[in-house]
Amino acid sequence: MKTQLVGMIWAEAAEGVIGHEGGMPWHLPEDLTYFKKMTADCPVIMGRRTWESLPERFRPLPKRTNVVITSDAGRAASVRSEGALTASSLKEAISLAGQKDPKAHIAWIMGGGRLYAEAMEKDLTDLISITRIDLQTPGDTYAPELGAGWTGVGKVPDRGWNTAENGTRYRFETYRREGRP
Ligand SMILES: NC(=O)c1ccc[n+]([C@@H]2O[C@H](COP(=O)([O-])OP(=O)(O)OC[C@H]3O[C@@H](n4cnc5c(N)ncnc54)[C@H](OP(=O)(O)O)[C@@H]3O)[C@@H](O)[C@H]2O)c1
């Protein structure tokens, strides 16, 4: 039985770019702070490539149950030895997150592109948090299209920008799946 909400959280530059050559092609501390606040005390679910993109000293992400998805048994053993849980499918990962942290309000899918695409295609999520970054940058990994059935909440309608200390413009947007709690 589903016991918690499932969300997706990502940061997205122009043209839907979320990643390039295994990393994120920007530096935006304000977004990292926001990510930490949003996912605090909640389980986080990520693909093996996103796990590997985290600096070793930051993984597993602290104070959160980390669930890493991989189809490779050897890689799974190595990830577990570093202190994360592993799953071989997105559904298994969501179920594991619910079992480990039943009191957490939400389990966050935190990337990368393959997981976002699958979660969107299978309609597995209830809300999406997007950090929109006003930046043109090369990319090889993209956010999924939201499509119909998603409603923006909060400040989305005013489309205002914040300006980061390094001058980059960004804003936080939240979308809820219509018809969900
Ligand atoms: N902008 C953002 O907010 C954000 C957030 C996160 C990541 N990123 C970026 O996204 C990029 C990585 O994304 P990605 O799409 O290349 O990789 P990914 O989704 O992080 O990981 C893909 C890997 O996860 C495993 N996997 C995914 N779905 C699976 C399934 N259904 N069943 C079994 N295994 C599954 C597979 O691992 P195995 O090959 O081991 O089987 C697959 O190769 C990086 O550039 C990263 O920096 C950006």
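Our subject is the structure listed above.
In this text, all values refer to a predicted model and were calculated from it rather than measured experimentally.

1. A closer look at the pattern of salt bridges
Reasoning step 1: Scanning the model with the defined rule gives eight salt bridges in all.
Reasoning step 2: The salt bridge involving Arg59 is made with Glu82; its shortest N-O contact spans 2.9 Å. In this pair, Arg59 sits in the loop between α2 (48-53) and β4 (66-69) while Glu82 sits in the loop between α3 (73-81) and β5 (85-87), placing the two residues 23 residues apart along the sequence.
Reasoning step 3: Among the ionic pairs, Arg177 bridges to Asp123, the shortest N-O distance being 2.8 Å. With Arg177 in strand β11 (residues 169-177) and Asp123 in the loop between α5 (113-121) and β7 (127-133), the pair connects residues that are 54 residues apart, well separated along the chain.
Reasoning step 4: When its relative accessible area of 33% is taken as the criterion, Asp123 is described as partly exposed.
Reasoning step 5: Beyond isolated ion pairs, a larger network of salt bridges with shared partners links Glu12, Arg132, Arg171 and Glu173.

2. Topic: the site of the ligand
Reasoning step 1: Taken together, 28 residues surround the ligand, and among them Ala11, Arg49, Thr50, Thr70 and Ser71 come closest.
Reasoning step 2: A distance of 2.6 Å separates an oxygen atom of the ligand from a polar atom in the side chain of Arg49.
Reasoning step 3: Residue Gly112 places a main-chain N or O atom 3.0 Å away from an oxygen atom belonging to the ligand.
Reasoning step 4: Here the ligand has 920 Å² of accessible area as a free molecule, and 88% of this is covered by the chains.
Reasoning step 5: Under a 2 Å grid-point criterion requiring more than half of the atoms, the pocket assigned to the ligand is the largest pocket.
Reasoning step 6: Those elements giving two or more residues to the shell around the ligand turn out to be β1 (5-12), β2 (17-19), α2 and α5.
Reasoning step 7: Per element, the largest residue contribution to the shell around the ligand is five residues, and it comes from α5.
Reasoning step 8: Residue classes in the shell around the ligand are distributed as nine nonpolar, 13 polar and six charged.

Quick notes on the rules
Residues numbered from 1 in each chain as written. Predicted model: local features only at pLDDT ≥ 70, side-chain atom pairs only at ≥ 80, totals over all residues. Heavy atoms only, no water. Salt bridge = Lys/Arg side-chain N within 4 Å of Asp/Glu carboxyl O. Helix = DSSP H or I, 4+ residues; strand = E, 2+ residues; numbered from the N terminus. Buried < 20%, exposed > 50% of the residue type's maximum accessible area, 1.4 Å probe, protein only. Near = heavy atom within 4 Å. Polar contact = N/O pair within 3.5 Å; in protein donor to acceptor, adjacent residues only side chain to side chain. Areas by Shrake-Rupley, 256 points an atom, 1.4 Å probe, with all protein chains shown as cover. 1 Å grid on protein atoms, 1.4 Å probe; cavity = no way out; pocket = protein on both sides within 12 Å on 5 of 7 lines; lining within 4 Å. Sits in = over half its atoms within 2 Å of the grid points. Nonpolar A, V, L, I, M, F, W, Y, C, P; charged D, E, K, R; others polar.

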